[in-house]
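Each chain is listed here by its residues.
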Amino acid sequence: MTQKIRVLVNGAKGKMGSEAVRAVGGAEDMEIVAQTDMGDDLAATIKSSNADVVVDLTAPSCAYANANAIIESGAGGVIGTTGFTTENIQDLTRKCGGRTPAVLIAPNFSIGAVLMMHCSQIIGRYMPDVEIIELHHPAKLDAPSGTAVKTAQLIAESRGKGNVPRGTSEPAARGERFSDIPIHSVRLPGLLAHQAVIFGGEGQTLTLRHDSLNRGCFMPGVLLGIREVVKRSGLIYGLDNLLFSNPE
Ligand SMILES: NC(=O)c1ccc[n+]([C@@H]2O[C@H](COP(=O)([O-])OP(=O)(O)OC[C@H]3O[C@@H](n4cnc5c(N)ncnc54)[C@H](O)[C@@H]3O)[C@@H](O)[C@H]2O)c1
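Because the structure is predicted, anything quoted here is derived from the model rather than measured.

A.B. asks: Help me understand the site of the ligand in this model?
C.D. replies: In the vicinity of the ligand there are 24 residues, among which G11, G14, M16, C62 and G80 approach most closely. Mapped by element, the contributors of at least two residues to the shell around the ligand are α1 (15–25) and α3 (60–73). Per-element tally for the shell around the ligand: the top contributor is α1, with 3 residues. Here the residues of the shell around the ligand are counted per class, giving 10 nonpolar, 11 polar and 3 charged.

A.B. asks: In this structure, what is going on with the packing of helix α5 (residues 111–126) against helix α6 (residues 146–159)? I would like to understand it.
C.D. replies: Any two packed helices are characterised by the angle at which their axes cross and by the distance between the axes. Taken N-terminus to C-terminus, the directions of α5 and α6 make an angle of 30°; their axes are 7 Å apart at the nearest point. Considering their axes alone, α5 and α6 lie roughly parallel with respect to each other. Judged by the twist between their axes, the crossing of α5 over α6 is right-handed. Taken together, the residues of α6 that come into contact with α5 (itself represented by A113, M117, S120, Q121, G124 and R125) are T147, K150, T151, L154, I155, S158 and R159. Its residues assigned to classes, the contact of α5 with α6 comprises 4 nonpolar, 6 polar and 3 charged.

A.B. asks: Explanation requested: helix α7 (residues 219–229) in the structure shown.
C.D. replies: Because each turn of an α-helix spans 3.6 residues, side chains separated by three or four positions in sequence point in the same direction. Of all 11 residues that make up α7, 8 are buried, and the element is covered over most of its length. Buried residues of α7: M219, G221, V222, L223, G225, I226, E228 and V229, and no others.

A.B. asks: Mind showing me how you'd approach the pairing of strand β8 (residues 181–187) here?
C.D. replies: For a regular strand, side chains alternate in direction, first toward one face of the sheet and then toward the other. Where strand β6 (residues 130–136) and β8 come together, 5 bridges link them in parallel fashion. Within β8, the position partnered with H136 by the bridge is R187. One ladder, built from 3 bridges, connects strand β7 (residues 176–178) with β8; its direction is antiparallel. Bridging from a neighbouring strand, R177 pairs with P182 of β8. Taken together, β7 and the strand that follows it, β8, pair antiparallel across an intervening segment of 2 residues, in which S179 is found at a positive phi of about 50°.

A.B. asks: Which parts of the structure should I look at to understand the sheet that holds strand β2 (residues 30–36)?
C.D. replies: Pairing between sheet strands relies on hydrogen bonds along the backbone, with the strands arranged either parallel or antiparallel. With respect to topology, 6 strands assemble into an open sheet ordered β2-β1-β3-β4-β5-β11, the strand pairing being parallel. Edge strands, defined here as strands with exactly one partner in the open sheet, are β2 and β11 (235–237). Ignoring strand direction, the axes of neighbouring strands in this sheet form an average angle of 20°. As defined by bridge partners, strand β1 (residues 5–10) adjoins strand β3 (residues 53–56) across 4 bridges and the pair is classed as parallel. Counterpart to V9 in the pairing with β3 is V55. Taken strand by strand, helix α4 (residues 86–96) contacts β5 (103–105) and β11, and its axis lies near 150° from that of β11.

Rules behind the numbers
- Residues numbered from 1 in each chain as written.
- Predicted model: local features only at pLDDT ≥ 70, side-chain atom pairs only at ≥ 80, totals over all residues.
- Near = placed C-beta within 6 Å.
- Helix = DSSP H or I, 4+ residues; strand = E, 2+ residues; numbered from the N terminus.
- Nonpolar A, V, L, I, M, F, W, Y, C, P; charged D, E, K, R; others polar.
- Axes fitted to C-alpha atoms, helices over the stretch in contact; angles between N-to-C directions.
- Parallel < 35°, antiparallel > 145°, perpendicular 65-115°, else oblique.
- Left-handed = near helix turned anticlockwise from the far one by under 90°.
- Contact = placed C-beta atoms within 7 Å.
- Buried ≥ 20, exposed ≤ 12 C-beta atoms within 10 Å, placed from the backbone.
- Pairing = 2+ DSSP bridges.

Spelled out as structure tokens, the structure:
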């Protein structure tokens, strides 16, 4: 029988971390070898548990320090914690080099949301006029969401030169512009995480919509990350790189 992937979950007492412990525990090819949270010595526990992969779902304030601890330990990493700066990612990419196993940093583990962004990029080439509505629970601190901003950036990249939306100089009610694409943020009780990307063309509209109904939607992405980092090398930024490319 093939050996199970030994997984440590950091932030195991949190909403995402406890969900990850359940998901890994239910996967036949993995086992939980340790659970850590605030106050625990992550580096020492990675060593004592001999973990193959560390899943980090903690807080922006400790994300960079935890990523460094994981890289220094030699274990693989599946990091969903938000709050990395561009400089952090560049620095961690350099530190990872070409080492195997890989370290994955995924700002969004939801495969549906990643597909929504991927398809938006394709549609944007043909229908450059687009607006994004993102809807979240009221406890979400940032607005617009990172996923909405990333979607706008991807569409803007794919539109290319000479294929830009109509000019605008509109009031705030028309949304905040990212890469020239209006984003509208809604915060209401009853919502979790939702996004609609609405493309408009001559006599037609095309709407992509993704709804996260519970935190279970992130778990297939976490499990995919665990299975892939043990086979891959270096730092991988974004789940899209696992979904839309194959290892050599
Ligand atoms: N990538 C994704 O798809 C995705 C989806 C949802 C949330 N997130 C992110 O995941 C992180 C956790 O989200 P959550 O909703 O579970 O939050 P949470 O507050 O419910 O849980 C965070 C846990 O981390 C622990 N923690 C805090 N600092 C720590 C430290 N220094 N060392 C070890 N543990 C520490 C807390 O005690 C808590 O148990 C956040 O950054 C959130 O933005 C990512």
